[in-house]
There are 2 protein chains.
Amino acid sequence: MTDMRTKLAIEAGYLFQKKGYNGTGISEILAKVGVPKGSLYHYFPNGKSDLALAAAEIATAEVLRIIDASFANAKDYSDGVTTFCYKLAKYFDIHKGDIGCPVSATLHGGPDNAIFKSALDKTFTQWMDRLAAYATQLGQNEKDAMFNAQRLFLSLEGAWTLARARRDSDVIRELPAFVT
Amino acid sequence: MTDMRTKLAIEAGYLFQKKGYNGTGISEILAKVGVPKGSLYHYFPNGKSDLALAAAEIATAEVLRIIDASFANAKDYSDGVTTFCYKLAKYFDIHKGDIGCPVSATLHGGPDNAIFKSALDKTFTQWMDRLAAYATQLGQNEKDAMFNAQRLFLSLEGAWTLARARRDSDVIRELPAFVT
DNA sequence: CTGCCAGTAGACCGACCGGTCTATTATATT
DNA sequence: AATATAATAGACCGGTCGGTCTACTGGCAG
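A few points on the structure. In this text, all values refer to a predicted model and were calculated from it rather than measured experimentally.

This brings us to the protein's contact with DNA strand C. Near DNA strand C you find 14 residues, and of these I26, K37, Y41 and K48 of chain A together with H42 of chain B are the closest. Restricting attention to atoms of DNA strand C within 4 Å of the protein, one finds that 56% of them are sugar or phosphate atoms. S27 of chain A places a polar side-chain atom, nitrogen or oxygen, 3.0 Å from a phosphate oxygen of DNA strand C. In this structure, Y41 of chain A approaches DNA strand C through a side-chain N or O atom, which is 2.9 Å from a phosphate oxygen. Those elements giving two or more residues to the surface near DNA strand C turn out to be α2 (26-33) and α3 (37-43) of chain A together with α3 (37-43) of chain B. With five residues, α3 of chain B is the single largest residue contributor to the surface near DNA strand C. The residue inventory of the surface near DNA strand C, partitioned by class, reads four nonpolar, seven polar and three charged.

See the structure below:
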C-alpha cells in the first residue's frame with residue numbers, strides 16, 4: 001500500500017482538481033482519507049500549500065505516464081495523439097466530468113506564490129517536451145515536433161475547460177482533428 | 001457614471017479573474033469599491049453567486065466587443081485573428097499577467113451549481129459563434145468557419161493558461177501561427 | 001410637513017478556515 | 001524491559017467567511 005504521505009497528496013489532488021485550491025478545506029481532505037489533523041501536519045509541516053505542491057507533482061508524473069503509454073505502440077505521431085486524447089477523455093469521464101486539468105486546477109488560485117507559478121510552468125514544459133520527444137522519435141524534425149507539441153498542449157488545456165463547462169468529454173476525444 | 005450595481009459587478013469580476021471565486025472575499029470587493037455590505041445585498045439579494053454571474057455576463061460581452069473591434073477592418077480571417085490575439089495579450093499585460101480567462105476563472109470553482117456551468121458553456125458558444133460568423137463573412141464556408149473558430153478558442157484558452165503560469169503574454173501573441 | 005422608500009451603514013451571527021498544541025499510542029532499537 | 005521516536009488523535013485558537021438584521025439617511029411625492 002502507498003504510504004500515508006502519498007495517500008494524502010493523491011486525495012488532496014483529486015479534491016483540488018474538482019473544487020480548486022481555495023474551494024477545498026483541510027478538514028474535507030482529512031475526512032476523505034480518514035486521518036486526523038495531527039498526521040497531516042506530521043507529513044506536511046508546511047500544511048496546505050505543501051500538500052498542493054506534492055499533489056501537483058504526482059499529477060504531473062501521472063500525465064507523463066499516460067503520454068508514455070499512449071506512444072508506446074504508436075505507428076506515427078497522429079496515432080499517439082489520438083490514443084492520448086482518448087485516454088484523457090476516459091480519465092475525465094471517470095470523474096463524471098467534474099474535474100479540471102489536474103495541475104492547473106490545483107496550482108491556479110492557490111497563494112499567488114511565485115513557487116506555485118513556476119511549478120506550473122515547469123509541469124507544462126515537461127509535458128510539451130515529452131510530446132515533442134515522441135514526435136521527433138516518430139520522424140518529425142525538431143522544429144515541427146516542438147510546434148506540434150505546443151499546439152496539442154494549448155488545444156488540450158482549452159478542450160479540457162470546454163469539456164468541463166459542457167460536462168461532456170467529446171471535445172477532448174475530437175481534439176486530434178484539430179491538431180494533426 | 002455607471003450605476004452602483006455595474007460598478008460592483010465589474011470590480012468583483014476583476015477580483016474573481018485574479019483570485020478565483022473562492023479566493024475572493026465579499027469584504028474585499030466591498031473595500032475596493034468603498035461600499036458597505038448593506039448596499040451589496042440591496043443590489044444583489046442572492047449575494048456572491050449573483051455577483052459572479054453578473055460579472056461573467058459583463059466579461060462575456062466585453063470579449064464580444066473585442067472580437068468585433070478586431071474584425072471590423074480585417075482584410076481576411078487571419079488578419080482578424082492576429083488583431084484579436086494582440087488585443088487580448090495587451091489586456092493580459094495591463095493586469096500584470098496575473099489574470100485568468102475572464103469568464104472561466106470566475107465561474108469555475110464557484111458553487112458546483114448547474115447554472116454556473118451552463119452560463120460558462122453559453123459564453124463559450126457565443127464567442128465561437130461570433131468568431132465563426134466573421135470567418136464566414138470573410139469568405140470561408142460554414143464548416144471551415146466553425147472548425148477554425150473552435151480551434152482558435154481551444155488554443156486561446158490554453159494559451160491564456162500557459163501565459164499566466166509564465167507571467168508572459170508572448171504565447172498569446174504567437175497564437176495566430178498555430179491556428180491559421 | 002409627512003410618509004414613504006431606495007439606498008447606506010455597519011454591528012453582529014454561526015460556521016468554517018488553516019494552523020498549533022498537548023496527549024496518547026504504536027513501533028523500532030538497544 | 002527500557003527508551004526513543006514515529007505517528008495518531010483531536011481539542012483548541014484567532015481570524016475570516018458569506019449572510020442577516022436593524023438603524024439611519026436623504027430625497028421625492030402627497
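So, about the packing of helix α5 (residues 77-94) of chain B against helix α8 (residues 142-166) of chain B. Residue and element names in this part refer to chain B. Where α5 contacts α8, the two axes come as close as 12 Å, and the packing angle between them is 25 degrees. As the angle between them shows, α5 and α8 are arranged roughly parallel. Every pair of crossing elements has a handedness; the one defined by α5 and α8 is right-handed. Contacts from Y77, V81, F84, C85, L88, Y91 and F92 in α5 reach N148, A149, L152, L156, W160, A163 and R164 in α8. Tallied by class, the residues present in the contact of α5 with α8 amount to twelve nonpolar, one polar and one charged.

This part takes up the nonpolar core. If you look at the biggest cluster of nonpolar residues, it comprises 120 residues, and the most contacted ones within it are F84, L152 and I172 of chain A together with F84, L152 and I172 of chain B. Among all residues touching F84 of chain A, those that are not within four sequence positions of it are V63, I66, I67, S70, L131, L152 and L156 of chain A.

Attention now goes to empty space enclosed by the protein. Applying the stated rule across the entire model yields three cavities of 30 Å³ or more. S104 and H108 of chain A together with S104, A105 and H108 of chain B are the residues nearest the centre of the largest cavity, which is lined by 37 residues in total. When residues of the lining of the largest cavity are traced back to their parent elements, those giving at least two are α1 (4-19), α6 (104-107) and α8 (142-166) of chain A together with α1 (4-19), α6 (104-107) and α8 of chain B. Tallied by class, residues from the lining of the largest cavity come to ten nonpolar, 19 polar and eight charged.

Before going further, it helps to spend a moment on the relation of the copies chain B and chain A. For these two chains of identical sequence, chain B goes onto chain A by a turn of 180 degrees and a shift of 0.0 Å along the axis, with RMSD 0.1 Å. Considering both components of the superposition, the chain copies are consistent with a two-fold axis. A symmetric contact is evident, with 100% of the interface residues of chain B recurring at the interface of chain A.

We now examine the pattern of salt bridges. Overall, the coordinates contain 14 salt bridges over all chains when judged by the stated rule. As a salt-bridge pair, E62 of chain A and R65 of chain A come within 2.9 Å of each other at their nearest N and O atoms. Of the two residues, E62 of chain A and R65 of chain A are both situated in helix α4 (residues 48-71); the distance of three residues between them amounts to about one turn of the helix. The exposure class assigned to E62 of chain A is partly exposed, which follows from its relative accessible area of 34%. The closest approach of N and O atoms between E28 of chain B and K19 of chain B, which form a salt bridge, is 2.8 Å.

Here is what the cut-offs are and how they apply
Residues numbered from 1 in each chain as written. Chains lettered and ligands numbered in written order. Predicted model: local features only at pLDDT ≥ 70, side-chain atom pairs only at ≥ 80, totals over all residues. Heavy atoms only, no water. Near = heavy atom within 4 Å. Polar contact = N/O pair within 3.5 Å; in protein donor to acceptor, adjacent residues only side chain to side chain. Helix = DSSP H or I, 4+ residues; strand = E, 2+ residues; numbered from the N terminus. Nonpolar A, V, L, I, M, F, W, Y, C, P; charged D, E, K, R; others polar. Axes fitted to C-alpha atoms, helices over the stretch in contact; angles between N-to-C directions. Parallel < 35°, antiparallel > 145°, perpendicular 65-115°, else oblique. Left-handed = near helix turned anticlockwise from the far one by under 90°. Contact = heavy atoms within 4.5 Å. Core = buried A, V, L, I, M, F, W, Y, C linked by side-chain atoms within 4.5 Å. Buried < 20%, exposed > 50% of the residue type's maximum accessible area, 1.4 Å probe, protein only. 1 Å grid on protein atoms, 1.4 Å probe; cavity = no way out; pocket = protein on both sides within 12 Å on 5 of 7 lines; lining within 4 Å. Points joined across faces, edges and corners; volume = space filled by probe spheres on them. Least-squares fit on C-alpha atoms with pLDDT ≥ 70 in both. Salt bridge = Lys/Arg side-chain N within 4 Å of Asp/Glu carboxyl O.

Nothing here speaks to function; it is geometry throughout.
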